[in-house]
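Here is what each chain is made of, one letter per residue.
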Amino acid sequence: MTQWADLPLTSDAVRMLEKSAILPHIAARAELRSVTKKSDLPPELEHALWHNCSKQGCDPKCAPNLPGLLFTWTSVDGTKVQQYAPLGRPHARKYVGPKGVVCGIDVIQRGTGDEVWIVEGTKQHLAAASYAAPSVTVLGISGANGWAKAKTKMTEAVAGLELVEDARVLVMFDADAATNDRVRDAESALVTMCLKLGALEVSICTVPTVDGDSHTGLDDYLAAPGAGSREQRLAG
């Protein structure tokens, strides 16, 4: 079985992944690796080192966005797109991809059964795959609208969502789907699209908040102290 020591990850990165309820074999499947210097990044992601901060109060050119993590998203046809996530820069963008490229849907696990989970968020869907049964197909979307093609107003799905045909689908968005109209609308549109594509049934899983945080993701919920194992909490 894959161990953390087998992966090209720093100790800080491992601690962050463990706190996000991500297991080593899933980190390996997602081809995660640490970035500690500019040469660790592929050329198409070098702009991420100086990407504009998302909030005021931090000059993005005062220092490069290092260290960080590379995540690899693999589409249903095997196409790979990488995202860069700076670590320790709270005001920087969480994830930066190649310019003009959409990550689409990450097929992190192809299950043997008829159950498909669609999970919002990079770390969130990796946490789900870490504790999902081998029979479950786990798909990741990068955000609430990450399943839809750009500029279609959620009327056309990106490649990968066709895996819901003849499947029992579970949609898992962050906890803010309960309070944010935009997220809730995207969730509802995704349910409609899955049924249109031939899903047998579609259910919505509402992620409970942790410490009152409305932005709680599945990774936060699984990593938080609670009754039962992570597998049991995920099944519940």
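Conventions and cut-offs
Residues numbered from 1 in each chain as written. Predicted model: local features only at pLDDT ≥ 70, side-chain atom pairs only at ≥ 80, totals over all residues. Heavy atoms only, no water. Helix = DSSP H or I, 4+ residues; strand = E, 2+ residues; numbered from the N terminus. Rg over C-alpha atoms; globule rule 2.2 N^0.38 Å. Buried < 20%, exposed > 50% of the residue type's maximum accessible area, 1.4 Å probe, protein only. Areas by Shrake-Rupley, 256 points an atom, 1.4 Å probe, with all protein chains shown as cover. Lys, Arg positive; Asp, Glu negative; His and termini not counted. Charge placed at Lys NZ, Arg CZ, Asp CG, Glu CD. pLDDT = per-residue confidence, 0-100. Pairing = 2+ DSSP bridges. Axes fitted to C-alpha atoms, helices over the stretch in contact; angles between N-to-C directions. Salt bridge = Lys/Arg side-chain N within 4 Å of Asp/Glu carboxyl O. Contact = heavy atoms within 4.5 Å. Core = buried A, V, L, I, M, F, W, Y, C linked by side-chain atoms within 4.5 Å. Phe/Tyr/Trp six-rings, centres within 6.5 Å; stacked < 30°, edge-to-face > 60°.

**Structural notes on the overall build of the chain**
Next up, step 1: Along the chain, the regular secondary structure elements total 6 helices and 8 strands.
Next up, step 2: Beginning at the N terminus, the succession of helices and strands in the chain can be written as α-α-β-β-β-β-β-α-β-β-α-β-α-α.
Next up, step 3: Its C-alpha atoms give the chain a radius of gyration of 17 Å, near enough to 18 Å, the size a compact globule of 236 residues would have.
Next up, step 4: Its C-alpha atoms give the chain principal-axis dimensions of about 50 × 40 × 40 Å.
Next up, step 5: Looking at the chain residue by residue over its 236 residues, the buried ones come to 48%.
Next up, step 6: As displayed, the chain offers around 11,700 Å² of accessible surface, 51% of which is attributable to carbon and sulfur atoms.
Next up, step 7: Each charge class in the chain can be summarised by its mean position, and for the 24 positive and 28 negative side chains these summaries are 7 Å apart.

**Comments concerning the confidence of the model for the chain**
Low pLDDT means the predicted coordinates in that region are not meant to be read closely.
Next up, step 1: Confidence in the prediction of the chain, expressed as mean pLDDT, is 88, and 91% of residues score 70 or more.
Next up, step 2: Averaged pLDDT values over the elements of the chain bottom out at 73 in helix H6 (residues 230-235) and peak at 98 in helix H2 (residues 24-29).

**Comments concerning the sheet that holds strand E2 (residues 68-74)**
Next up, step 1: Spatial ordering of the open sheet is given by E1-E2-E3, a layout of 3 strands whose pairing is antiparallel. Looking at strand neighbours, the two that pair on one side only are strand E1 (33-35) and strand E3 (80-86), the edges of this open sheet. Averaged over all pairs of adjacent strands, the angle between strand axes in this sheet comes to 35°, irrespective of strand direction.
Next up, step 2: Pairing geometry for E2 and E3, over 7 bridges, is antiparallel. Note that in E3 the partner of Gly68 across the bridge is Pro86.

**Things to note about the side chain of Asp174**
Next up, step 1: Structurally, the position occupied by Asp174 is in the loop between strand E7 (168-173) and helix H4 (181-196).
Next up, step 2: Of the side chains with opposite charge, Lys94 lies nearest to the buried Asp174, which makes no salt bridge, at 7.0 Å.
Next up, step 3: Residues within four places of Asp174 in sequence aside, it is in contact with Glu120, Gln124, His215, Thr216, Gly217 and Leu218.

**Considerations on the pattern of salt bridges**
Next up, step 1: For the structure on display, the rule yields 6 salt bridges.
Next up, step 2: For Lys149, the salt bridge identified is with Glu156, shortest N-O distance 3.2 Å.
Next up, step 3: Accessibility expressed as a relative area gives 38% for Lys149, which makes it partly exposed.
Next up, step 4: Across the pair Asp181 and Arg184 runs a salt bridge, and its minimum N-O distance is 2.3 Å. Here Asp181 pairs with Arg184, and both are found in helix H4, just 3 residues apart, close to one helical turn.
Next up, step 5: A relative accessible area of 32% means that Arg184 is categorised as partly exposed.

**Focus on the nonpolar core**
Next up, step 1: One finds Leu9, Trp117, Val138 and Leu218 to be the most contacted residues of the largest nonpolar core, which totals 37 residues.
Next up, step 2: No other element matches helix H3 (residues 122-131), which puts 5 residues into this core.
Next up, step 3: Aside from chain neighbours lying at most four places away, what touches Val138 is Asp106, Val107, Ile108, Gln109, Trp117, Val119, His125, Ala128, Ala129 and Ala132.

**Some thoughts on the packing of aromatic side chains**
Next up, step 1: Within the structure shown, the criterion is met by 1 aromatic pair.
Next up, step 2: Ring centres of Phe71 and Tyr95 lie 5.7 Å apart, and the angle between their planes is 80°; on these two criteria the pair is classed as edge-to-face. Of this pair, Phe71 sits in strand E2 while Tyr95 is found in the loop between E3 and strand E4 (105-109), placing the two residues 24 residues apart along the sequence.
Next up, step 3: Judged by its relative accessible area of 2%, Phe71 falls in the buried class.

**Details of unusual backbone geometry**
Next up, step 1: At the junction of Leu66 and Pro67, the peptide bond is cis and its omega measures out at -10° in the coordinates.
Next up, step 2: Structurally, the position occupied by Pro67 is in the loop between E1 and E2.
Next up, step 3: In this model, Ala21 sits at a positive phi of 60°, which is unusual for a non-glycine residue.
Next up, step 4: Tracing the sequence through the fold places Ala21 in the loop between helix H1 (11-19) and H2.

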